[in-house]
Amino acid sequence: MLAAVAEDPMAKPDTTEIAGRIERLRREIDEHNYRYFVLDDPAVPDAEYDRLVGELEKLEAAHPQLVTPDSPTQRVGAKPAAGFETVAHDIPMLSLGNAFSAEEVREFDRRIRDVLDREENCYVAEPKLDGVAISLRYEDGRLAAGVTRGDGRTGEEVTSNVRTIRSVPLKLRGPGIPGRLEVRGEIFMTRSGFAALNRRLEKAGQKTFVNPRNAASGSLRQLDPGLTADRPLRFFCYGAATSDGLPDTHMAILERLKEMGIPVSPEVRRLTGVDALLEYHADILSRRDGLDYDIDGVVYKLDDLDQQREMGFVSRAPRWAIAHKFPAQEELTTLREIQVQVGRTGALTPVARLEPVFVGGVTVTNATLHNIDEIRRKDVREGDQVIVRRAGDVIPEVVRALHERRRKELPEWNMPAECPECGSRVVREADQAAHRCTGGLVCPAQRKRALEHFASRNAMDIEGLGTRLIDQLVQADLVASPADLYRLDAETLAGLERMAEKSASNLVAAIAASREVPLGRLLFALGIPEVGEVSANQLARHFGSLEGLARATSEELEAVPDIGPIMAGKIHAFFREPHNRAVVEDLQAVGVQWQAPEDAGGGDDRLAGNTYVLTGSLSSMPRSEAKAALEARGAKVTGSVSKKTTAVIAGDDPGSKLEKARELGVEVLDETGLAELLGED
Ligand code: 5U1
């Protein structure tokens, strides 16, 4: 642990003492950078770090003769006078061969085993970051140059901008630093940093970036280093240009570079045999969406440098390394047509019908365009070439249109004036992004989506009643409202297309089983506008019965924790609508019965209005149980700490949330404090 040094920066005018203080501050700041960026183990909260930098800046401002170029305050320098210079790499930056399948990776491994005449190879596996490749030259341990990959032989000298990236050390650590060291790696922008940057640019009315890689590249190419300094760029190193003065395996080189203060991805592994490589690929792919940076695959490299030399190169790609690519998350295709889809509440969503394209591991034919404002903002038109993105389980979306590829003028697309499903009028309420169909449950599309929601897992949980079947049931006029589901018999169902007798009777049994349902689920299933699962449970706990809720005035509704005036108004209006009351009565008539929560009616609202955040592991109960117990007493439990948080409840090994609480002056409770809150002590 580092000792924080508390000295008054202005108290001692003696320059030797001030020089000493400056030196100690620089060492301490460098150490914090090392712990944060290389060890991923920060020793102090950001506020303390900022305080140290602030003190150093003040001292240096008062004593400019003591400023040195490698001081952590000297990251932002002057603009390069004539733009970026093109310079030749002393040692070319290589490119990598690609493998897109396990078979291609096995072939790569087989080739190496044949040449080296070995049974099994040792590799180093690393994530392949989707950023900007860079070469950093250190002379006598000081950062001397940063040059982009360019075409591999020449690149742009962007030293003044690279210096502003805090994870790039200006000075290397420790003894035994080679006189000249050239390290290679990737400059990238974290996804969270990218999202924050785009929010900031949008607010300022400036052009946003389409993805983190473009943002990293654009930020690194700013002519004003002050602007680059303002961008959340990071650096990970993946190797050195030569092994001069370094160990003789790739893994040991990376370890050595880390000791010198150069950040290396924490996901790097030394692995033996091709099966281990494929497992690594599968593991990183499964975690891809949870990482805070974009990667487009993993890289395998022979670990032993002698073996690397023996394998050599083909053209400019090493035969000892390969990139095993992930399915692309963005692809180019043609937008054939824009259609609208009508949702449960009547909201119209424009959907792009696409030339089928393989992206994110599946063939995509439809992608969302969100709403008319998005279509206008992106200027997307039928016939455009578009970039489609599909990441993880997220619905595919049209990222942008390639306007430069339009060969002729394409007409602007407009929302239809009438619902394409039922012909009712389409309206757009003031301040709302969405257009809506005014047909209500007359509209078959709204009816279908409402039934889908009713049957869904977190609502009535009717197994086997999916979209296709609901479409068929509504189309055949067998079901108009939720209660109709309970009137279906196996014989009728078996008459539907692609419905076997067995499946029909299973479905009837599943529908019947859903008759007994907790009140919260039923309230959620009804699809009351604005009422999600959490609010539905709050309402169930507070009122204890559907009748009580249906009778409640807006004021009574607003008295429920977390129900604001808008939601209260929507709930009130929902139960004043005769059609909705008829649906509820009809459900009762077909035997749907709800159970009130045990703690319902008058509820324990002792903690109403309070917001808590749980962090670390609790010894007395799992976090999920603590959350439920707090919510049962009317409290709100959230995942992030803000000034509005009432208290953070910290168990063992608390994460950054505890630091955030301390930074914001939010109260911190331990398990005893939690027990007191719950009234268990
Ligand atoms: N992680 C990683 N990315 N990447 C890119 N390692 C790595 N190595 C590369 C490249 C172009 O080339 C070396 C094999 C020289």
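Residues numbered from 1 in each chain as written. Predicted model: local features only at pLDDT ≥ 70, side-chain atom pairs only at ≥ 80, totals over all residues. Heavy atoms only, no water.

Caption draft 1: Highlighting the sheet that holds strand β25 (residues 647–650). Spatially, β24-β23-β25-β26 is the arrangement adopted by the 4 strands of the open sheet, whose pairing is parallel. Two strands lie at the open edges of the sheet, namely β24 (636–638) and β26 (667–669), each paired on one side alone. Pairwise comparison of adjacent strand axes, ignoring direction, gives a mean angle of 30° for this sheet. As paired strands, β25 and β26 are joined by 3 bridges and run parallel to one another. Paired with A647 across the bridge in β26 is E667. Along the sheet, helix α24 (residues 656–664) contacts β23 (611–615), β25 and β26; its crossing angle with β23, the most-contacted strand, is approximately 140°. (Pairing = 2+ DSSP bridges. Helix = DSSP H or I, 4+ residues; strand = E, 2+ residues; numbered from the N terminus. Axes fitted to C-alpha atoms, helices over the stretch in contact; angles between N-to-C directions. Contact = heavy atoms within 4.5 Å.)

Caption draft 2: Representation of the site of the ligand. Around the ligand, the surrounding shell consists of L94, L96, E126, P127, Y238, V299, K301, W320 and A321. At a separation of 3.0 Å, a nitrogen atom of the ligand approaches a polar backbone atom of P127. Between the ligand and the protein, one listed contact pairs a nitrogen atom with a side-chain N or O atom of K301 at 2.8 Å. Here the ligand, which alone exposes 380 Å², has 86% of that area covered by the protein. The class makeup of the residues in the shell around the ligand is 7 nonpolar, no polar and 2 charged. (Near = heavy atom within 4 Å. Polar contact = N/O pair within 3.5 Å; in protein donor to acceptor, adjacent residues only side chain to side chain. Areas by Shrake-Rupley, 256 points an atom, 1.4 Å probe, with all protein chains shown as cover. Nonpolar A, V, L, I, M, F, W, Y, C, P; charged D, E, K, R; others polar.)

Caption draft 3: The arrangement of the pattern of salt bridges in detail. Per the stated rule, a full pass over the model turns up 41 salt bridges. The closest approach of N and O atoms between R213 and D130, which form a salt bridge, is 2.9 Å. Taken together, the residues span a long stretch of sequence, with R213 in helix α6 (residues 212–220) and D130 in the loop between β3 (122–129) and β4 (132–139) at a distance of 83 residues. The exposure class assigned to D130 is partly exposed, which follows from its relative accessible area of 21%. Between E374 and K378 there is a salt bridge; the shortest N-O distance is 3.1 Å. Separated by 4 residues within a single helix, E374 and K378 lie in helix α11 (residues 372–378), roughly one turn from each other. (Salt bridge = Lys/Arg side-chain N within 4 Å of Asp/Glu carboxyl O. Buried < 20%, exposed > 50% of the residue type's maximum accessible area, 1.4 Å probe, protein only.)

Caption draft 4: Up close: a negative patch on the surface. There is a patch of like negative charges on the surface, built from D46, D50, E659 and E663. Among the elements of the structure, α2 (46–62) and α24 are those that each provide at least two residues to the negative patch. Inspection of the secondary structure puts D50 in helix α2. (Patch = residues over 30% accessible without salt bridge, like charges linked within 9 Å, V, L, I, M, F, W, Y side chains within 5 Å. Lys, Arg positive; Asp, Glu negative; His and termini not counted. Charge placed at Lys NZ, Arg CZ, Asp CG, Glu CD.)

Caption draft 5: Quick look at the sheet that holds β3. Pairing is mixed in the open sheet, where 5 strands are placed in the order β2-β13-β10-β3-β9. In the strand order of this sheet, the two ends are held by β2 (98–99) and β9 (269–272), each with one partner. Here strand β10 (residues 295–302) pairs with strand β13 (residues 321–325) via 5 bridges, running antiparallel. Looking across to β13, one finds that V299 is bridged to A323.

Caption draft 6: Quick look at the domain arrangement of the chain. Considered domain by domain, the chain is made up of domain 1 (15–75), domain 2 (97–325), domain 3 (331–405), domain 4 (444–595) and domain 5 (611–678). The centre of domain 2, based on its C-alpha atoms, is set 52 Å off from the matching centre of domain 4. (Domains from an automatic or database assignment.)

Caption draft 7: Structural detail: helix α5 (residues 191–203). Its 13 residues place the ends of α5 18 Å apart at the C-alpha level, agreeing with the 18 Å of an ideal helix rising 1.5 Å per residue. Turning to α5, its buried residues number three or more, namely R191, G193, F194, L197, N198 and L201. Projected onto a plane normal to the axis of α5, the buried residues spread over an arc of 150° and lie on a single side. Opposite the packed face of α5, turned more than 90 degrees from it, sit the exposed residues R199 and K203. The elements touched by buried residues of α5 are β7 (180–189) and α6. Of the residues one or two after α5, G205 is the one with positive phi, at around 70°. (Expected span 1.5 Å × (residues − 1). Arc of directions from axis to C-beta.)

Caption draft 8: Quick peek at the pairing of strand β14 (residues 330–342). Looking at chain direction, β14 and strand β17 (residues 385–389) are connected through 5 bridges and run antiparallel. Within the sheet, the bridge partner assigned to E330 lies in β17 and is R389. Here 7 bridges tie β14 to strand β15 (residues 347–359), and the two strands are oriented antiparallel to one another. From the neighbouring strand, Q341 faces β15, where its bridge partner is T349.

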